[in-house]
Amino acid sequence: MALLELAEVVAAYGPITALHGVSLKVEEGGVVALLGANGAGKTTTLRAISGTVPKTGKVMFDGHDISKRAPEQVARLGIGHVPEGRGTLGQLTVWENLQMGAYTRRDKAGIKADYDRVCGYFTWIPSRRAQVAATLSGGEQQMLAIARALMMRPRLLLLDEPSLGLAPIVVQEIFRIIRAINEQDKVTILVVEQNANIALQTAEHAYVLEVGRVAISGSSTNLQKDESVRRSYLGY
Amino acid sequence: MTAFLQQVVSGIATGCIYASLALALVLIYRAMDLANFAQGEMATFSTFMSYSLIEYAHLDFWTAFAITIALSFVLGVAIERVVVRPFEGKPVLTLLIVTLGLFTMFNGITGQIWGYVFKTYRGGFPSEPVVFGGLYINKQDIGVLGVVLVMLLLLYLFFSRTKAGLAMRAASLYPDSSKLLGVRVGWMLALGWGLAASVGAVSGMLVAPIIFLDPNMMQSILLFAFAAAVLGGIESPLGAVVGGITIGVLMALVGTYIPGGQDLRLAFGLIVIVVVLLVRPSGLFGRASVRRV
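Here the structure is a predicted model, which means the values were calculated and not measured.

Procedures and definitions
- Residues numbered from 1 in each chain as written.
- Chains lettered and ligands numbered in written order.
- Predicted model: local features only at pLDDT ≥ 70, side-chain atom pairs only at ≥ 80, totals over all residues.
- Heavy atoms only, no water.
- Pairing = 2+ DSSP bridges.
- Helix = DSSP H or I, 4+ residues; strand = E, 2+ residues; numbered from the N terminus.
- Contact = heavy atoms within 4.5 Å.
- Axes fitted to C-alpha atoms, helices over the stretch in contact; angles between N-to-C directions.
- Salt bridge = Lys/Arg side-chain N within 4 Å of Asp/Glu carboxyl O.
- Buried < 20%, exposed > 50% of the residue type's maximum accessible area, 1.4 Å probe, protein only.
- Phe/Tyr/Trp six-rings, centres within 6.5 Å; stacked < 30°, edge-to-face > 60°.
- Lys NZ or Arg CZ within 6 Å of the ring centre and 35° of its normal.

Student: I would appreciate a short explanation of the sheet that holds strand β2 (residues 16–26) of chain A in the present structure.
Tutor: What holds strands together in a sheet is hydrogen bonding between their backbones, with the strands either parallel or antiparallel. All names here are of chain A. Spatially, four strands are ordered β2-β1-β4-β5 in an open sheet, and the strand pairing comes out antiparallel. Edge strands, defined here as strands with exactly one partner in the open sheet, are β2 and β5 (64–65). Relative to strand β4 (residues 55–61), strand β1 (residues 4–13) is paired through six bridges, and the arrangement is antiparallel. Opposite Ala7, over in β4, you have Lys58 as the bridge partner. Along the sheet, helix α1 (residues 42–50) contacts β1, β2 and β4; its crossing angle with β1, the most-contacted strand, is approximately 110°.

Rendered as structure tokens:
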């Protein structure tokens, strides 16, 4: 059984329908990419999963129906959502951001272990614990957002455009870490990207959204070969 | 010179009262960007509760003090859950009207239960002067200053050292992100109201022995508390205390040295609010928000 499954999810912002019935599956331990142009409904799909947009349809996570759950309940089930714009707690320090990541946990030893692990991925963190998060660079804020989500020890990580506004070398670095998180920590990942190249290199499976519907889906290798995907999203 | 210093000393004492109510205002403002007009009346209600505990349950002052703080906390949480919650996410003006409604409601309920006759309220500190360097200082005022400073310290420790305090700050500044981290943002707001009600209760129990206990006792204090909170930077607990003491001293001096000043004190309170908002809206200690440019 898939760890996450969406069936015919419809979501709207007031009168404007953003998702017209999206169905997709994410297998446990996998990396799945969600591609598409601006306004295709990628961000809304993630928000439908984490419960931050009103919706109909079914969202199943680990056998639970989470369609009706509030965002904080979804988070407590083990879904770490790094939202569009990174959700940086800007006025708080780096350390406080990470503490907030571990907010729902009580296991001190586990939290400490996860902090050490996170510092292994993002080596700049220990020396800058006291820095106010808003003064970090864009890349660092993205890394902090991922680190904060990891402090939740999630089973599923939802990443919303981790490459947005970052220099190519930083994007490479972040995706290297995303792969490591998936392989070493066995965290399942659903990543939304406009940068289809790097997303398809990272994910095993991908869905392409067009105006609120799944237009194409398949293994990354097949999608990379697909003529229309190549032309529309990969640019060669 | 002694007369001047004497005024300063008595100003500090009154200022501590303003500071304590200002602290309560700051707590709710931090939690939900809302000026709670009912804060004074809630404090009055709490003070009457403590009055009943002392007079009818025959508890000593400090026991009644502790119980009242706890009861007020529950009351504050309940008000947020029952009365304020349905208006969550509504424009701030709607919420302001709700607090005005609470103001009227608490004033009426207090009057209904305990009546409008002024009552003598025996506080926790003896009202007798000590002479210090030619100045008369009331022991009660020293006690008030002590309580306010302890309260400030406790709030500081709560917000900077505890998980709940950190979560409250995160929830008020970044409600959406906090939800994604599993924070029950609604309960954090309720916690803010509970804390504010407790702090307000302390304020009422400090002031009642100095003036008399009556249902309208906090109304003029509320204005000075607003002035104090605005002067200190409406989000800063430390600012509320510094602002409160500054306002207290300022008002004592205005009352003494400006002809007719006693009657103009409320007007001066208002002038402080207006001038601060015009000249330095973030107040003395308000952090202008930090961000990368």
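Student: Even after reading the chapter, I still don't get the pattern of salt bridges, so can you show me in this structure?
Tutor: Enumeration according to the criterion identifies 15 salt bridges over all chains in this entry. A salt bridge links Arg117 of chain A to Asp185 of chain A, with the shortest nitrogen-to-oxygen separation between them at 2.5 Å. Here the residue Arg117 of chain A occupies a position in helix α4 (residues 108–121), and Asp185 of chain A occupies one in helix α6 (residues 168–185), the gap between them amounting to 68 residues. Measuring nitrogen to oxygen at the nearest pair gives 3.1 Å for the salt bridge that ties Arg122 of chain B to Glu55 of chain B. One end of the pair, Arg122 of chain B, is in the loop between α4 (92–114) and β1 (129–132); the other, Glu55 of chain B, is in helix α2 (residues 39–55), with 67 residues separating them in the sequence. Overall, the relative accessible area of 56% leaves Arg122 of chain B in the exposed class. By relative accessible area, which is 28% here, Glu55 of chain B ends up partly exposed. What you see here is one network of salt bridges that share partners, running through Arg105, Asp107, Asp114, Arg117, Arg153 and Asp185 of chain A.

Student: What am I meant to see in the sheet that holds strand β10 (residues 213–219) of chain A here?
Tutor: All names here are of chain A. With mixed pairing, six strands are arranged side by side in an open sheet as β6-β7-β8-β3-β9-β10. Each edge of the open sheet is held by one strand with a lone partner, namely β6 (79–82) and β10. Averaged over all pairs of adjacent strands, the angle between their axes in this sheet comes to 15°, without regard to strand direction. Its contacts with the sheet place α1 against β3 (31–36), β6, β7 (156–160), β8 (188–193) and β9 (205–210), and it is angled at close to 150° to β7. Packed on one face of the sheet, helix α5 (residues 138–150) meets β6 and β7 and runs near 165° to β6.

Student: Would you explain the packing of aromatic side chains in this entry?
Tutor: Two measures describe an aromatic ring pair: the distance that separates the ring centres and the angle between the ring planes. Taken as a whole and assessed by the stated rule, the structure comprises 17 aromatic pairs over all chains. Taken together, a centroid distance of 5.3 Å and an interplanar angle of 75° make the contact between Trp62 of chain B and Phe125 of chain B edge-to-face. One end of the pair, Trp62 of chain B, is in helix α3 (residues 61–84); the other, Phe125 of chain B, is in the loop between α4 and β1, and 63 residues separate them in sequence. Exposure remark for Trp62 of chain B: the relative accessible area of 35% places this residue in the partly exposed category. Each ring, one from Phe118 of chain B and one from Phe212 of chain B, has its centre 6.5 Å from the other, and the planes form 50°; the classification is tilted. Of the two residues, Phe118 of chain B sits in the loop between α4 and β1 while Phe212 of chain B sits in the loop between α8 (185–207) and α9 (219–232), which places them 94 residues apart along the sequence. For Phe118 of chain B, a relative accessible area of 53% corresponds to the exposed category. Take Phe212 of chain B: its relative accessible area is 47%, and that puts it in the partly exposed class. What links up through ring pairs into an aromatic cluster is the set Phe45, Phe48, Tyr51, Tyr56, Phe106 and Trp114 of chain B. Cation over ring: Arg129 of chain A sits above Trp95 of chain A, and NZ or CZ is 3.9 Å from the ring centre.

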